[in-house]
There are 4 protein chains.
Amino acid sequence: MTITPPALSVFEALESEVRSYCRSWPAVFDRAQGSRMYDEDGHTYLDFFAGAGALNYGHNNPVLKRALLDYIERDGVTHGLDMGTTAKRAFLEAFQDVVLRPRDLPYKVMFPGPTGTNAVEAALKLARKVKGREAIVSFTNAFHGMSLGSLAVTGNAFKRAGAGIPLVHGTPMPFDHYLDDTVPDFLWFERLLADQGSGLNTPAAVIVETVQGEGGINVARPEWLRGLAALCERHDMLLIVDDIQMGCGRTGSFFSFEEAGITPDIVTLSKSIGGYGMPMSLTLFRPELDVWEPGEHNGTFRGNNPSFVTAAAALDAYWTDGQMEKQTLARGEQAEEALRAICAEHPGLGARYRGRGLVWGLEFADKARASAISRRAFELGLLVETSGPEGEVVKLLPALTISPEELDEGLRILARAVRETA
Amino acid sequence: MTITPPALSVFEALESEVRSYCRSWPAVFDRAQGSRMYDEDGHTYLDFFAGAGALNYGHNNPVLKRALLDYIERDGVTHGLDMGTTAKRAFLEAFQDVVLRPRDLPYKVMFPGPTGTNAVEAALKLARKVKGREAIVSFTNAFHGMSLGSLAVTGNAFKRAGAGIPLVHGTPMPFDHYLDDTVPDFLWFERLLADQGSGLNTPAAVIVETVQGEGGINVARPEWLRGLAALCERHDMLLIVDDIQMGCGRTGSFFSFEEAGITPDIVTLSKSIGGYGMPMSLTLFRPELDVWEPGEHNGTFRGNNPSFVTAAAALDAYWTDGQMEKQTLARGEQAEEALRAICAEHPGLGARYRGRGLVWGLEFADKARASAISRRAFELGLLVETSGPEGEVVKLLPALTISPEELDEGLRILARAVRETA
Amino acid sequence: MTITPPALSVFEALESEVRSYCRSWPAVFDRAQGSRMYDEDGHTYLDFFAGAGALNYGHNNPVLKRALLDYIERDGVTHGLDMGTTAKRAFLEAFQDVVLRPRDLPYKVMFPGPTGTNAVEAALKLARKVKGREAIVSFTNAFHGMSLGSLAVTGNAFKRAGAGIPLVHGTPMPFDHYLDDTVPDFLWFERLLADQGSGLNTPAAVIVETVQGEGGINVARPEWLRGLAALCERHDMLLIVDDIQMGCGRTGSFFSFEEAGITPDIVTLSKSIGGYGMPMSLTLFRPELDVWEPGEHNGTFRGNNPSFVTAAAALDAYWTDGQMEKQTLARGEQAEEALRAICAEHPGLGARYRGRGLVWGLEFADKARASAISRRAFELGLLVETSGPEGEVVKLLPALTISPEELDEGLRILARAVRETA
Amino acid sequence: MTITPPALSVFEALESEVRSYCRSWPAVFDRAQGSRMYDEDGHTYLDFFAGAGALNYGHNNPVLKRALLDYIERDGVTHGLDMGTTAKRAFLEAFQDVVLRPRDLPYKVMFPGPTGTNAVEAALKLARKVKGREAIVSFTNAFHGMSLGSLAVTGNAFKRAGAGIPLVHGTPMPFDHYLDDTVPDFLWFERLLADQGSGLNTPAAVIVETVQGEGGINVARPEWLRGLAALCERHDMLLIVDDIQMGCGRTGSFFSFEEAGITPDIVTLSKSIGGYGMPMSLTLFRPELDVWEPGEHNGTFRGNNPSFVTAAAALDAYWTDGQMEKQTLARGEQAEEALRAICAEHPGLGARYRGRGLVWGLEFADKARASAISRRAFELGLLVETSGPEGEVVKLLPALTISPEELDEGLRILARAVRETA
C-alpha cells in the first residue's frame, strides 16, 4: 500500500503546534469499525493502538452503538451534571452488580469529570484531605495526566517542563525492575519512611500503575504490588492504583490489580470505562474515605449520560461471565509468541519484549528503532504507537475484541516492519 | 404539582458524598427536549439552568441530533486523540469560517482535552511558558475549574480547601464593582505593577471572566475590560479570557468580550461549544504564542469526534447570520423586565438583579433566600440554580433557544417562588 | 576634604561581587567612636547611618564597652547556645524589669539566632504553627530579611529575584498612604477577608513595620496601626510587628508601636538590641502562643553572650528613665526643622520629607538625586544612605546618642550636598 | 560531684519553651576557659561539646582573647555591614594566604550574614541563580539550618514540621552507608538523573556534609565523596559542601573535604571560623559562579568585625604550619581507642562507634541509652551531647585544643557513664 500524504491544510494552518498523532500518521481518518480505521482516501488501517486504551471494545462496537443510538433517539438526558438520571442509575447498578460485588470490592463511586486526569486529581485531593498531608509518592516513568496535580506525579521530563512552574509535593520511587534486580524491593522507600531524619515528607498516598503504559510497558510483578500494598499499610499511606489505561480488562481481569490480590484504597478508571470511546471517568474509594462535602469537587461534564449508556451496555455484554478475561489472556499468549519470534529472528538488535494480557512492549538496543518501526508499520497499514521516556518502545495495544486472525495479521506486519527497518 | 421523593437508593448507597445537584433536585430525570426535562415519575420541569451553560442550544437539539445520529450510524470515527479526521476538519473549517474570520480573530486552535478545566490548565501553562514567569493574577470570585492549576486561580474558599495543598502562584485582584465604586479601576493593581518594591511577583498573565457565573453573576463593564486589556499591554502580561460559561452566545455575541472590543491573547471555550452537551473544549491563542512542542500537552479524549460533529452543526445552524445574537438580547430584555418587577414587588427584601444577554442574577439582603427560592421553584416545576460565594444569588441561565412563552412561564414561576418564600 | 580612593585590592580580588556599601563609600574604615568613623587614611566621617540602625547607642559606646571588656577579661561564657548563663539571666532580668514590665507587655522571649532574618523566620514559623495556616500578609515595600521565609514577605523585586525559586505563601497589601489617600484604610484587605469567594488564602498572620526603613521611610499613622490591629483581631490573624530597625528607641519609645497603643501578638527585635552592634535578636510573643517544642527552632549563635552583656548594660544605662525617649524626640524635631528648610530652599526639586523620632527620609521628584546627594555627602564627610525601591530616598538614621551639635553639623552637610547636586 | 538544680526562675518564667540545652544541663554557667566551663555554684565541667563545633579553639582562647581585647580597647570598627575595614582586610588577607592559596583553592569569599543558615541560604540562592533551576538534592539525615531555605534540605522530621508550610524543592538521596552496603553508590541517584522519565526535577546543586554531625556522626568515605563530585560534574549539578560543623580543622585538615581530594563548587563555613565563638560565616565559591549583583543578598551583621579579628588571629596562630592537623589526628586516635574499649567492655549493648578527626559518635542498640549516658555524664562533670534522628548517638566534639590529659579524663568519665547506665 502506498500512502499519499493528504492535504492537511486546515490542520496545519489553524491547529496548534501541540498536535501530535496527526504528524506520525499523516492521514485523515473518516470511519472506523472494530479493529479497522479507514481514511478518506480509501486506505484501511489495522489498529494496534485502540485510542491509547480507550477502545478496548473496538471502534464503534455494534452492541454499544445500538444502545447509544436508541438513547439518543429517545431523547434520553445527554448532559446531567450530577443530577440523578435513569441512565446513571442503570450504570451504577451494572457497575455494582457486574464489577464490584463479584469481586467483593467495597468502593464508593465518584464521577469526577470525564477525563483521566480529573479522576487522578480527585484521587489526590481526597488522599490529601483524608490524611492531612501534602506529599505523594509516585514512581519512575509514571504517567498520570496533564493538569497540574496529575502532572506533578508524572515522570516524563518533557511533559513536566510544560507546567511552567516547579512541580512539587511529589517524590519518585523506583518502579519494579527499575534498579538492577539485586536491590531488595522497597529497600530505599521503607528506609526513608522508617527514618525520622530521612527528609521525606510523610506521604499521604502512593500512586501506581500496575503496568506503566506511557512509561514503556513496565510490568510490576504481583509480589511487588503486594509488597507495596503492605508497605502502605505499615506506614499509614493510602494506595492509589491508577487503572486508567490498564483497567477495564486490558491485562485480562477487569481491574489490573486483581492478579496481585490487593485491594487499593483508591482506584481511578477512565479510557475504556465508557465503552465507546467517549469521555468518562471514575474515582473509586473505600467508603470510610468518602469525606467529601457535597460539591467540593465538581465539573461540567461529570454526567455525560451517553457514556453511562455505553458503559452499562459494555459491562452487560462483556463482563457478566469470564469469557472476556480468558479471551484476552489467550490473545496475549498469541502476541507474546509472535514477539518472542521477532526477538529470536534478530539476535543482533538487542530486542526485548514484555507485557501482560493485551498490552505488550518491544524494545531495541537502538532507541530510535521503535519510531522507525512505527513509521514503517503505518506505511504497511498498521497503527502502532511508541512509548517510554524516549519513545524507545513499540507499544502494542490492540482492542480486546480483536479476532485471532486480525491479531495475527498485525503481528505479521509488525514483524515485517522490524525486518525492513533492521 | 406535588413531588414525591423518588427512591434514590443506588445513588445514596454507591455514589460518593460529593454528589450535589441530585440533593437539590431529588428527581431521577429520564428525558429532555429543548427547555424541558422529564423525570421518570412523569413530572415535567422547565429548565433555567441549561447544564450550567453547556446547553445553550437546549436539550437534544433536533438539528444537532440529526447530525449526531447520522455520524454514529455511519461509523464515523468516535475517538480520535489528535489524529486528523474528517469530522475534526469540518469543525475547524466551520470555526474558522463562522467564528474567527468574520470577527477578524487571529487565533490558533488547541484541543486540550474535553473539559473546561483542561482548557484553563492549557492556557495557564502556555502563558507561563511564553513569559517564563509563574505568577497569574485572577479576580475575586473567579471560577476556573477543579484541577490544581485552575483551582489555584479560583476564588471560592470551600473549593480551594479541597485541594489539600496550599494553592500558590495566584494573586486575586478586585473584579469590577468589587470595592465601593469610588475607587478608581485598577488603582491597586497598577500601583503594584509599577512599583519595584510592591512584593507582587510579576504576572505571566491575567485570567478573567467577563461575567462571573459561579461567582454570583458579576458583570464587568466594557470599559473595565478595556482598561484591563490596556493594563495587560502596558505591563507585558497576557490577557486570558475564560469564556467557558459566557462564550458561545450566552451574552449575545459569540464571544462575551466582543462588546468591549478587546482581543484577548488567550481564550478558553467549553460547555456549549460542542452544542449537544457532550464534552469538548478549546484553547485559542494568538499565533505568536503557539510555542508548544508536539505532544507537550495531551489527553485521551481531546478528539471526541461526536462533539466536533454537533459543534460544527451548531455553528452552521445558529451563527452564520446575526439572528442568534439579536434573539438572545431580546430574551435578555424580557428577563430583565421580569426581574425588575420582582424587585419592585418586594421593596422590603433588598433585592437586586444584574446580568447581560441571557445570564441573570437575583440577590436578596437575606443570603439564605436564594436557596429557598430555588427549592420552591423546583417544587413548582422550574430548575434554577444559585451561585455566589455563599449561594446567595438566584442564577438564571435558560437555553438561548428558549421561546418567549417558556421564558415568560419560568419567570412567572420564579416570581411566585419569591412571593411564597418571602 | 578630598578623598583619595584607597587601594581596595584584596576586597576587589577576593570578595564576592555581592559587596555593596564598600562601593558607595570607597574607604577603609579603621576606628569608630560615637557618631564618628575614621578611615585608615586619616579621614573622619560623621555617621548618619548608624549601622543601618544597629548602632542606636553610637559606635563603641564607652559604657557598654566597659561592660564588654570586663566580661571578656574575666572569661565570661562567650558562646552558650541556649544554655543558662549568668549573662543571659542578667539580660532577661533587665529586659523584664526595664522593658516588659513597665509597659505591661506579657511577652515570652525567644532567642532565635542572632540576626534579624532569623527572628522573622521564627516569628513566621510560630504564627503558622499556632494557626495551622500557611498564608502571611505583608505590605508593599516591606523589608524583613534575606533567608527564604523572610524574603517571601519582603517587597523588593530585586532582592526577591535572588531567591531563585518562586516566593509563595505571601500576599502584599497596601501600606498606609500607598494608594491615593481617598481610599478607606483596609477597604480591600477586609473585603478579601470577609468574602468566602475572594481567593485569598486565610492568613495565619500579618507582618508589618511601623515605619518602613528600607522601603523608603514610609510612616504608618497610629490610627492605621490601630485599624490593622483591630482587623487582625476581627479576622483571627496574628499581628507581627517587625521592630528590628524601628525598635530600641529609634522612633522615641522603646518599641515603635507604643505610640499607637497596640500590643502585637509577636514582635521581632534585632539590630540595636545588643547595644554594641554585635549580633543578637529576639522574638517576643504572647505566652499563649508559646507552643514551641524544646529545640524545634535552634541555631549555633543564639546564645552570643557578649551581646547579652552589652544589651543589659544598654537597658540599664538608657532605659530606666524617660530621658532617652525625650532626647530622641527633641533631636527628631531638630532634624525635621532642617529638612523643612531644605525643601523650602529648593521649591523646584519637588522635595518631600517624612519621618518619626530619629528616622527621616528626604525624597525628590528626580529619583536619581538621592544617590547623588549621598555620594556628595560622602565627599563632604557625611555617611548617609538611600532607601526605597529605587533608592530614591535619602535616609537619615543617626545614632540616638548624637549631640545636637553633631546633628546640626550633619544636617548642614546634607543641605550643602543637596545644594551642590541641584 | 553532686549537682543541685539551680534556681532557673527567670529562664522558666520568661524564656520560650523552645529552649533546649538548659533543660539537659540544668546549670547556670558563668565562666569558661579552654575545655572547662564553670557554673555559678562552683561546679566545673569538662566540655566535649565545644559549642556544637563553634569552639574548636576552646573557650576564650587566650591568643584570640588578647587580639579581641586590643581591638575593642582601641575602638576598632565593631559593626561594619560590608564596608571596607582594616579588620576585614586583615581577615581576607589571612584567609587567602593561610587557607586558600596553600590549598590551591580558587574561591571568592562572600560574607552572607554571621550564621550558618545564612551561609547555606546564600549558597542555595547562588546555585539556583547560576543554573536557573529550583531543585536541590540533599541527603538523608542532613542538617543545614533552620531558616526556610536551609530547612527544606534538612532531614529531621521534627525540625521540618516547625516550618508550618510544606517544604519543597528538595529531594533526599541516600548518604553513604545509608542502605545496606551491597547497593552500589549512587545507583539510584544516577539512574534518576540519566532517565528522562524519572520524575526528578533536574537539580541545580547537591548539598552535602562530609560527616553528618547532627545526623548521627555519619562519615562519608573519601571514595564516596569523589563519586559524588564526579556525578555532579557528569550531570551539570553544582556541588555544595556544607563545612559549617566539620570545617576549620574538625576532621584534621582545615576543610573536611581535603582528604577526598575534591574541590566543591561552593563551600559554607561558620561555627569555628570566627575562632572565639562569636557569630561569623562565609560562603565560598568558584569565581565563575560569582554572578551576584551588588547587594542582592545582604544582612545587618555580615560585617561583625570583632569576629574578623579573632578569625584572623586563629588562622595565624593555628594554621600556618601543619601542627594543628597532626595534633587533631593524634587526639582522634586517642578517642577512637577509648571508644573501641568501651564497645569491647559491653558486648551485650550492641555498641558501635564511628568518626574522623575529633568528631566521634557512639551508638547503642537501645536508642534511649545515649540520652541516659549524656545525663549521667553531666552529673559526673562532662558535657556531651547526643545526635541522630532520635538522639540515639552520643556525640563527642571536644575542642581541638584539648590536652591529651583532658581528653583522657573525659573519655574515662564517658566510660563510667556507660557503665553506670548499662
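Residues numbered from 1 in each chain as written. Chains lettered and ligands numbered in written order. Predicted model: local features only at pLDDT ≥ 70, side-chain atom pairs only at ≥ 80, totals over all residues. Heavy atoms only, no water.

Identification of chain A as Diaminobutyrate--2-oxoglutarate transaminase from Streptomyces klenkii is taken from an unreviewed UniProt entry. The record in UniProt for chain A states the following under Cofactor (unreviewed entry): "pyridoxal 5'-phosphate". What UniProt states about chain A under its Sequence similarities (unreviewed entry) heading is, verbatim, "Belongs to the class-III pyridoxal-phosphate-dependent aminotransferase family." (UniProt positions renumbered as here; feature names shortened; annotations may be inferred.)

A. Up close: the relation of the copies chain A and chain B. Mapping chain A onto chain B is achieved by rotating through 180° and translating by 0.0 Å along the same axis, at an RMSD of 0.0 Å. The operation mapping one copy onto its partner corresponds to a two-fold rotation axis. It is L148 of chain A whose C-alpha, among those of chain A, lies nearest the rotation axis, at 2.7 Å. When the interface residues of chain A are mapped onto chain B, 100% of them again lie at the interface, so the same face is used by both copies. (Least-squares fit on C-alpha atoms with pLDDT ≥ 70 in both. Contact = heavy atoms within 4.5 Å.)

B. Here's a closer look at the domain arrangement of chain A. Residues and elements named next belong to chain A. Looking at the assigned domains, one finds that chain A contains domain 1 (10-61 + 322-421) and domain 2 (76-318). Between the C-alpha centres of domain 1 and domain 2 the distance comes to 25 Å. For the pair domain 1 and domain 2, the summed buried surface comes to about 2600 Å²; carbon and sulfur atoms form 49% of the total. With a closest N to O distance of 2.9 Å, E259 and R356 form a salt bridge. There are 22 residue pairs in polar contact (both at pLDDT 80 or more) connecting domain 1 and domain 2. Sort the elements by how many residues they give to the side of domain 1 that touches domain 2 and helix α12 (residues 323-345) lands first, with four residues. (Domains from an automatic or database assignment. Buried area = accessible area lost by both parts, 1.4 Å probe. Salt bridge = Lys/Arg side-chain N within 4 Å of Asp/Glu carboxyl O. Polar contact = N/O pair within 3.5 Å; in protein donor to acceptor, adjacent residues only side chain to side chain. Helix = DSSP H or I, 4+ residues; strand = E, 2+ residues; numbered from the N terminus.)

C. Here's a closer look at the nonpolar core. Formed by 350 residues in total, the largest nonpolar core has its most connected members in F95 of chain A, F95 of chain B, F95 of chain C together with F95 of chain D. Those residues in contact with F95 of chain A, other than ones at most four positions away along the chain, are L100, V109, F254, F255, L269, I273, L282, L284 and L315 of chain A. (Core = buried A, V, L, I, M, F, W, Y, C linked by side-chain atoms within 4.5 Å. Buried < 20%, exposed > 50% of the residue type's maximum accessible area, 1.4 Å probe, protein only.)

D. Representation of the pattern of salt bridges. Scanning the entire structure with this criterion turns up 140 salt bridges over all chains. A salt bridge links R66 of chain A to D70 of chain A, with the shortest nitrogen-to-oxygen separation between them at 3.0 Å. Linking R66 of chain A with D70 of chain A, this pair stays in helix α4 (residues 62-73), spanning four residues, or about one helical turn. Among the salt bridges present, the one from K65 of chain B reaches D75 of chain A, with a minimum N-O distance of 2.7 Å. Here D75 of chain A lies in the loop between α4 and β4 (84-85) and K65 of chain B lies in helix α4 (residues 62-73), a pairing that spans two chains. Of the residues examined, K65 of chain B reaches a relative accessible area of 14% and is grouped as buried. Taking relative accessible area as the criterion, D75 of chain A reaches 12% and is therefore assigned buried. By sharing partners, the salt bridges in this structure join E17, R19 and R23 of chain A together with K108 and D290 of chain B into a single network.

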